[in-house]
Amino acid sequence: MVALRSVDLSVKPGEIHALLGANGAGKSTLVKILSGVYRPNAGTIRVNGSDVTLGNPASARNAGLATVFQDPALVPDLTVGENLRLTGADEEGVARWLDHMSLGDVDFDALVGDLPLPMLRLLDLARALSWRPSLLMLDEITAALTADQAEQVFSVMEEWRDEGRSVLFITHRLGEVMRICDRATVLRDGVNVAEVAPSDVGESGLVEAMLGEVVKSVPTVSSDLTAISAAPVVFSTSDLRSGNQVNGVSLDLHAGEVLGIAALEGQGQDRLFALLSGDRRPDSGQISVNGEPMVARSPFDAVRKGVVLVPSDRLQALLPQRPIRENLAAPLYNRVSRWFGLVADEKERVQSAVTRLSIDTRAAKQVNRLSGGNQQKVVVGRWLATGFRVLLCFDPTRGIDVGTKQQIYELLRELADDGAAILLYTSELAEIPLVCDRVLVLYGGEIVAEQEAAKATEESLLTAAHGIGEEEVA
Amino acid sequence: MTTVRGNVRQGFDWQRALKRHGWTAGAWLLLIALIVFYATLIPRFGAFQIASIAKNSMPLIFVSIAQAIIVIAGGIDLGVGALLIFSNAMAARMMDGQSLGMSLVIAALVIVACAALNGLVGWIITVSRVPDIVVTLATLFIISGFALIILPSPGGGTNEGFRAIFTGSTTGTGTNFWPSLAAMAIPMGLAAYFMRRTRVGLSLYATGSNPMAAYLSAVDTARAKIVSYAIGGGFAALAGLAALAITGSGESRFATASNFTLRSVAAIVLGGVALTGGIGSVVGAAAAGIVLFTLSPLLSAMGVDPNTAQVIQGVLIVLVMMVAGIIHLRRERAG
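Rules used in this analysis
Residues numbered from 1 in each chain as written. Chains lettered and ligands numbered in written order. Predicted model: local features only at pLDDT ≥ 70, side-chain atom pairs only at ≥ 80, totals over all residues. Helix = DSSP H or I, 4+ residues; strand = E, 2+ residues; numbered from the N terminus. Rg over C-alpha atoms; globule rule 2.2 N^0.38 Å. Buried ≥ 20, exposed ≤ 12 C-beta atoms within 10 Å, placed from the backbone. Contact = placed C-beta atoms within 7 Å. Domains from an automatic or database assignment. Nonpolar A, V, L, I, M, F, W, Y, C, P; charged D, E, K, R; others polar. Core = buried A, V, L, I, M, F, W, Y, C linked by C-beta atoms within 7 Å. Pairing = 2+ DSSP bridges. Axes fitted to C-alpha atoms, helices over the stretch in contact; angles between N-to-C directions. Parallel < 35°, antiparallel > 145°, perpendicular 65-115°, else oblique. Expected span 1.5 Å × (residues − 1).

1. A closer look at the overall build of chain B
Right, on to step 1. When helices and strands are counted, chain B shows 14 helices and zero strands.
Right, on to step 2. Reading chain B from its N terminus to its C terminus gives the helix and strand order α-α-α-α-α-α-α-α-α-α-α-α-α-α.
Right, on to step 3. Over its C-alpha atoms chain B spans a radius of gyration of 20 Å, differing by no more than 12% from the 20 Å that the globule rule assigns to 335 residues.
Right, on to step 4. Each principal axis of the C-alpha atoms in chain B carries an extent, and together these give about 60 × 55 × 40 Å.
Right, on to step 5. Split into buried and exposed, the 335 residues of chain B put 48% on the buried side.
Right, on to step 6. By sequence separation, contacts in chain B at least 24 residues apart represent 79% of the contacts at least 6 residues apart.

Here you go:
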């Protein structure tokens, strides 16, 4: 497989340069080449005018190229301080940058594995900055960050630019590109197809360049809230509590509804979804499916009740080395008949899921060869093949490109229109009006606001998510 | 401890220390409990018994440290037992009739040779990408074979002074336990310092914990693996030298090699080293090595039949793992 065919990319000093492209366009491969992880088959890399050969990550760093990868390059079983010592980073310098991002209270004796992901991203960023590279490459750094954390990163990037240094910024969030990037290079199928100034072409122009065709903007959902509230309640919780993370959550999910959950990072959404999907047992409170209490000892019990989860980490849900077909059919294997042979309708079920989701099956032998978007489709497709009542989606579009995202949202809408009940947590607030009927705002493990999704704006949600909005019941 | 800024929690964080070093501390407490229990079982417990446990457990301690270092870096070495008899055979052959000075030179050479040999094994693993367990299963046979070629029947010898360094007496038996304790503690302390306080040592933890993250943060993971095997080889050689000092002559038996290999794996598991790499300490593994050794005199003092003793050793490992699992689960529930 050829991931990159021919790419010309030049980043000027004192510039924030966006690298854009749909899933599978070759962005990650390019970043890995520029950080010394992969070697190119041909071509040259020049830093400050002189040719460099990058044999491994250390040589890239010495050449003045530092990268913050999607998965933080920090070792989980060592402390923060040990991680810094391991790489010979300047601890004082890192501490200064952390202070700069309002993270001055990071405990250097804490184990990295005990820290939350957003913190690790910022820590990795601070370490990269402390090497004072000529070019800083940020691969999807804002994906797991809350809005305020992203702001901190932007101000650091701007400061970096003002020092005459450069940033290569890879993101799927076009709003961020418009806001902060001076120029953008767009990749499509491993070739650079455009180099533009975002302010000249606008968001739609960027999307057009990425997809190679004009896409209609997604309309906001026009939902009939009276019809939805008249529909039966399929899934509900009452006064659900767990540790100090979930403090009395009660919600009703109607048939045919997409109910959004909006929250800043760390407001108990992880734990809430763990409770709902049967991964953990609540300390108190009740979960009901079709009016019957659900007591799940494991996700298996929840799946049997028809409550299924689509997590943000695709690889957590998939069997990476197995083919698409087996991944889609995995839950079917529980049926007794499978122990002796195929489930009678396995093939049809799988095929209809593949067709419905237009999954790219070229890499059918191992799902880990699929792009992130296609992997996520396989996860959703699995539940389509199995059948379900309640679909729990936890940030299903994290790190997925615009086109695929749209397909996933259209799919969720279709499923809801067919009568499924969907609970959706997303870290991208702007997407809530595009797919949800109602939205609940979670803050400190409690639901603090409910809004009509079509009327909700990023601003109104953000205000509520900080726990300061007045309640606005739709 | 490095505290870079002022607003870090003041004072000693007991909870965190317990969470991080609990297993190592537990292994030492278990050891102390066993020895106290042993002392109540036999009519006279004194310097002789302490000396006996200290010196006789040494080969297993060093092999366990070797295995711990390699497993922490993400590998596993089934050949450590073979390196033990190989070093034992070489040293017994060469030291026979030599002066103390010459014996020490030979000891150093044997350690360096075994470290280089096992470093080569690590290099083969990184280059060929054949799983560690397969390559080292082969080296278990190959190196044991070399040992048998060097010393086909028990024999050879060593210098009396050399014996005293490890055992505290020129005959290998006595009541002076301090030299044995020092001979056990100094290499263990050096290994612990190297692993946790030097950059190379940290790179071994990093490589075992998450090789991709380590590689991306510019750690040379191939070098880390080779270094772990080389140092492990050195410790396995030290185990063979200790065995020579204890018995006064060499012996190559394949059963000894395979037995030590298996017990080293048991010891590190009991000592809190995760077989998946990146977690655990050489100090915990060393304590568990002494525990495993002490069980046999203890059980025989209790009048347990030696065959039953084997069963009890196995049950102990399973019990410890179960207790650890339950503690982990409860901690997760509470968190």
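2. Description of the overall build of chain A
Right, on to step 1. When helices and strands are counted, chain A shows 18 helices and 18 strands.
Right, on to step 2. Expected size for 474 residues packed as a compact globule is a radius of gyration near 23 Å; at 23 Å, chain A falls within 12% of this value.
Right, on to step 3. Reported as C-alpha extents along the three principal axes, the dimensions of chain A are approximately 70 × 50 × 45 Å.
Right, on to step 4. Burial status across chain A gives 48% buried among its 474 residues.
Right, on to step 5. A sequence separation of at least 24 residues applies to 70% of the contacts in chain A between residues at least 6 apart.

3. Topic: the domain arrangement of chain A
All names here are of chain A.
Right, on to step 1. Structurally, chain A comprises domain 1 (16-211) and domain 2 (225-465).
Right, on to step 2. Distance from the C-alpha centre of domain 1 to the C-alpha centre of domain 2: 30 Å.
Right, on to step 3. The partner domain 2 presents 15 residues to the 15 residues of domain 1 that form the contact.
Right, on to step 4. Looking at which element gives the most residues to the side of domain 1 that touches domain 2, the answer is helix α8 (residues 198-211), with three residues.
Right, on to step 5. A breakdown of the residues in the side of domain 1 that touches domain 2 according to their chemical character gives eight nonpolar, six polar and one charged.

4. Description of the nonpolar core
Right, on to step 1. Core analysis: the largest hydrophobic core is formed by 165 residues, its most contacted members being Phe62, Ile65, Ile69, Leu84, Ala91, Ala236 and Val282 of chain B.
Right, on to step 2. Examining the composition of this core, we find that 16 residues originate from one element, helix α11 (residues 221-247) of chain B, more than from any other.
Right, on to step 3. Leave out the neighbours within four places in its chain, and alanine 91 of chain B touches Ile106, Ala107, Val110, Thr158, Gly240, Leu241, Leu244 and Gly250 of chain B.
Right, on to step 4. Of all hydrophobic cores here, the second largest spans 77 residues; its members include Leu328, Ala329, Val441 and Ala456 of chain A.

5. Digging into the sheet that holds strand β10 (residues 246-254) of chain A
All names here are of chain A.
Right, on to step 1. In spatial order, the strands read β10-β9-β12-β13; together these four strands make up an open sheet with antiparallel pairing. Of all strands in the sheet, those with a lone pairing partner are β10 and β13 (292-293), marking the two edges.
Right, on to step 2. As paired strands, strand β9 (residues 233-242) and strand β12 (residues 284-289) are joined by five bridges and run antiparallel to one another. Its bridge partner being in β12, threonine 237 is matched across the sheet by isoleucine 287.
Right, on to step 3. Running at roughly 60° to β10, helix α10 (residues 269-276) makes contact with β9, β10 and β12 of the sheet.

6. Structural notes on the pairing of strand β18 (residues 446-452) of chain A
Residues and elements named next belong to chain A.
Right, on to step 1. Across six bridges, the pairing between strand β17 (residues 438-443) and β18 is antiparallel. Its bridge partner being in β18, valine 441 is matched across the sheet by alanine 449.
Right, on to step 2. Here β17 folds back onto β18 in antiparallel fashion, the turn holding two residues, of which glycine 444 has a positive phi close to 55°.

7. So, the interface of chain B and chain A
Interfaces are often sized by the accessible area lost when the parts come together.
Right, on to step 1. In this assembly, 23 residues from chain B lie in contact with 25 residues from chain A.
Right, on to step 2. Contributing elements (two or more residues each) for the side of chain B that touches chain A: α9 (199-209) and α10 (211-216) of chain B.
Right, on to step 3. Ranked by residue count, the leading element in the side of chain B that touches chain A is α9 of chain B, at six residues.

8. Let's talk about the packing of helix α7 (residues 160-167) of chain B against helix α8 (residues 178-197) of chain B
Residue and element names in this part refer to chain B.
Right, on to step 1. Following both chains from N to C, one finds α7 and α8 inclined at 75°, their axes separated by 6 Å at the closest point. If you check the angle between α7 and α8, you find them roughly perpendicular. Counting all contacts with α7, which are made through Ala164, Ile165, Phe166 and Thr167, the residues of α8 involved are Pro179, Ser180 and Ala183.

9. Digging into unusual backbone geometry
Backbone phi values are negative for most residues with the exception of glycine, while trans is the configuration of most peptide bonds.
Residue and element names in this part refer to chain A.
Right, on to step 1. A positive phi angle, close to 45°, is found at aspartate 239, a residue other than glycine.
Right, on to step 2. By the secondary structure assignment, aspartate 239 is in strand β9.
Right, on to step 3. We classify aspartate 239 as exposed; it has 12 C-beta atoms within 10 Å.
Right, on to step 4. Even without being glycine, asparagine 290 reaches a positive phi, approximately 50°.

10. Considering the packing of α7 of chain B against α11 of chain B
Each pair of packed helices gets described by two things: the angle between the helix axes and the distance between those axes.
Residues and elements named next belong to chain B.
Right, on to step 1. One way to put it is that α7 packs onto α11 with a least axis distance of 8 Å and a crossing angle of 110°. Considering the angle they form, α7 stands roughly perpendicular to α11. Two secondary-structure elements touch here, α7 through Phe162, Arg163, Ile165, Phe166 and Thr167 and α11 through Ala242, Ala245 and Ile246.
Right, on to step 2. Partitioned by chemical class, the residues of the contact of α7 with α11 number six nonpolar, one polar and one charged.

11. Focus on helix α15 (residues 372-386) of chain A
Residue and element names in this part refer to chain A.
Right, on to step 1. With 15 residues, α15 extends 22 Å between its outermost C-alpha atoms, agreeing within 8% with the 21 Å of an ideal straight helix rising 1.5 Å per residue.
Right, on to step 2. Among the 15 residues of α15, 14 are classified as buried, and the element is accordingly described as predominantly covered.
Right, on to step 3. A positive backbone phi angle near 95° is found at glycine 387, which sits one or two residues after α15.

12. Remarks on the environment of valine 246 of chain A
Residue and element names in this part refer to chain A.
Right, on to step 1. Within the secondary structure, valine 246 is located in strand β10.
Right, on to step 2. For the pair valine 246 and isoleucine 447, spaced 201 residues apart in sequence, the C-alpha to C-alpha distance is 9.6 Å.
Right, on to step 3. Each residue touching valine 246, except ones within four places of it in the same chain, is listed here: Leu240, Arg241, Gly268, Arg271, Leu272, Leu275 and Gly445.

13. Brief notes about the sheet that holds strand β11 (residues 258-262) of chain A
Residues and elements named next belong to chain A.
Right, on to step 1. Strands sit in the order β14-β15-β16-β11-β17-β18 across an open sheet of six strands; the sheet is mixed. Looking at strand neighbours, the two that pair on one side only are β14 (307-310) and β18, the edges of this open sheet. With strand direction ignored, the average angle separating the axes of adjacent strands in the sheet is 20°.
Right, on to step 2. As paired elements, β11 and strand β16 (residues 421-425) share four bridges and run parallel to each other. Note that in β16 the partner of glycine 260 across the bridge is leucine 424.
Right, on to step 3. Set on the sheet, α10 makes contact with β11, β14, β15 (390-394), β16 and β17; between it and β15 the angle comes to about 155°.
Right, on to step 4. Relative to β16, helix α16 (residues 402-417) is tilted by about 150°, and along the sheet it contacts β11, β15 and β16.

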